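Working through the structure, step by step
Each chain, written out:
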Amino acid sequence: MTTAPILVVHNACASRFETTVDGLLCVAAYRHSPGVVDFHHTGVPQALEGRGIAAALVREALGWAAEEGLAVRPSCSYVRVFIRRHPELAVRQAG
């Protein structure tokens, strides 16, 4: 079985990274303040779990934060675990 690549879009107006898979919206939402981005929610419908969608969203979101020079506050438990499991990303965390 071949899996199509996950196309993640930064929807800055809605303060989230998103993708639609099988007609269902998946998101990694954030709050942005000067110098800091707080990732507070990652949501993937249950029917889509286990496909790596949340990981793709968070990886893209963290890449954006790094490009923007933002410290990351991982309020979302998924984002906290993702950062811990991927030290190669060298995420700068907010205090």
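See the structure printed just above.
Read on for a plain summary of the structure. Throughout this document, residue positions are counted from 1 along each chain, in the order its sequence is written. Whole-chain, interface and lining totals are the exception, using all residues; otherwise, since this is a predicted model, local features are given only for residues with pLDDT of at least 70 and side-chain atom pairs are given and counted only at 80 or more. Think of the side-chain values as coming from all heavy atoms in the structure, minus any hydrogens and water.

1. Comments concerning the overall build of the protein chain
Secondary structure elements are defined from DSSP: runs of H or I of at least 4 residues count as helices, runs of E of at least 2 residues count as strands, and each element is numbered from the N terminus. Secondary structure assignment for the protein chain yields two helices and five strands. Compactness check: the protein chain gives a C-alpha radius of gyration of 13 Å against a globular reference of 12 Å for 95 residues, within 12% of the reference. Each principal axis of the C-alpha distribution contributes one length, and for the protein chain these read about 40 × 30 × 20 Å. For the protein chain, buried positions account for 37% of its 95 residues. All accessibility values rest on the Shrake-Rupley procedure with a 1.4 Å probe; residue burial counts only the protein chains present in the view. Accessible surface, the protein chain as shown: approximately 5,800 Å² in total, 52% of it carbon and sulfur. Only four residue types enter the tally: Lys and Arg on the positive side, Asp and Glu on the negative side; His and the chain ends are excluded. A charged residue contributes its charge at one atom only: NZ of Lys, CZ of Arg, CG of Asp or CD of Glu. Counting 9 positive and 8 negative side-chain charges, the protein chain places the averaged centre of each group 8 Å from the other. Here the radius of gyration uses the C-alpha set of atoms, whereas the globule reference equals 2.2 Å times the residue count to the power 0.38. Type-normalised accessible area, obtained with a 1.4 Å probe on protein chains alone, sets the label of each residue: buried when under 20%, exposed when over 50%, and partly exposed for intermediate values.

2. Here we look at the pattern of salt bridges
Criterion for a salt bridge: a side-chain nitrogen of Lys or Arg within 4 Å of a carboxyl oxygen of Asp or Glu. For the structure shown, the criterion picks out three salt bridges. Between R16 and E18 there is a salt bridge, with the nearest N and O atoms lying 2.5 Å from each other. By relative accessible area, which is 24% here, R16 ends up partly exposed. Here D22 and R51 are joined by a salt bridge, their closest N and O atoms 3.0 Å apart. A residue pair is termed long-range when its members are at least 10 positions apart, and D22 in the loop between β2 (16–21) and β3 (24–33) and R51 in the loop between β4 (36–43) and α1 (53–67) qualify at 29 residues.

Coordinates in, geometry out; function isn't part of it.
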